[in-house]
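# Notes for the structure review
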Amino acid sequence: MRERIIKSNPNISMPDLAKAGGRLWKTVNDEERNFYEQKAMEQKKEYNKQMAAFKAAKRNKNRIYATIIAPPDPDEDRDVEVCAGEATPHPVVVSPQPSTAVTP
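Now for a description of the structure that goes with this document. This is a predicted model, so every value here is computed, not measured.

## Focus: the environment of Ile-5
Relative to the helices and strands, Ile-5 resides in helix 1 (residues 2-8). By relative accessible area, Ile-5 is classed as buried at 8%. Spatially, the C-alpha atom of Ile-5 lies 10.0 Å from that of Asp-16, the residues being 11 residues apart in sequence. Discounting residues that sit within four places of it in the chain, Ile-5 has contacts with Ile-12, Leu-17, Ala-20, Gly-21 and Leu-24.

## Concerning the packing of aromatic side chains
Within the structure shown, the criterion is met by 2 aromatic pairs. Each ring, one from Trp-25 and one from Tyr-36, has its centre 6.4 Å from the other, and the planes form 65 degrees; the classification is edge-to-face. With a gap of 11 residues between them, Trp-25 in helix 2 (residues 14-27) and Tyr-36 in helix 3 (residues 30-64) connect regions that are remote in the sequence. The exposure class of Trp-25 is partly exposed, given its relative accessible area of 27%. Clustering of aromatic rings is evident, with ring pairs tying together Trp-25, Phe-35 and Tyr-36.

Here is what the cut-offs are and how they apply
- Residues numbered from 1 in each chain as written.
- Predicted model: local features only at pLDDT ≥ 70, side-chain atom pairs only at ≥ 80, totals over all residues.
- Heavy atoms only, no water.
- Helix = DSSP H or I, 4+ residues; strand = E, 2+ residues; numbered from the N terminus.
- Buried < 20%, exposed > 50% of the residue type's maximum accessible area, 1.4 Å probe, protein only.
- Contact = heavy atoms within 4.5 Å.
- Phe/Tyr/Trp six-rings, centres within 6.5 Å; stacked < 30°, edge-to-face > 60°.

Below, the structure is given as structure tokens:
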């Protein structure tokens, strides 16, 4: 539908595009409406699946640099933090990031 509106009005603004889409949606018959609603449901399922994978990957990425320890090694120069946002009392050791300073 959006493509049809843009094709007939190439310089249409977003608010006018939304209004035209709403007017056009009111004129759509039930068969075509069901087609678009089914398509939207399929896309929403795919979005939810991808979002869950993204969030899991983000959580795992944040844990790459963190290791749960007990007790900390006194010979290593590391910062000890409590893992924010998680229900765990265990300390988390965050490996120091490589220095970007250039030594002569």
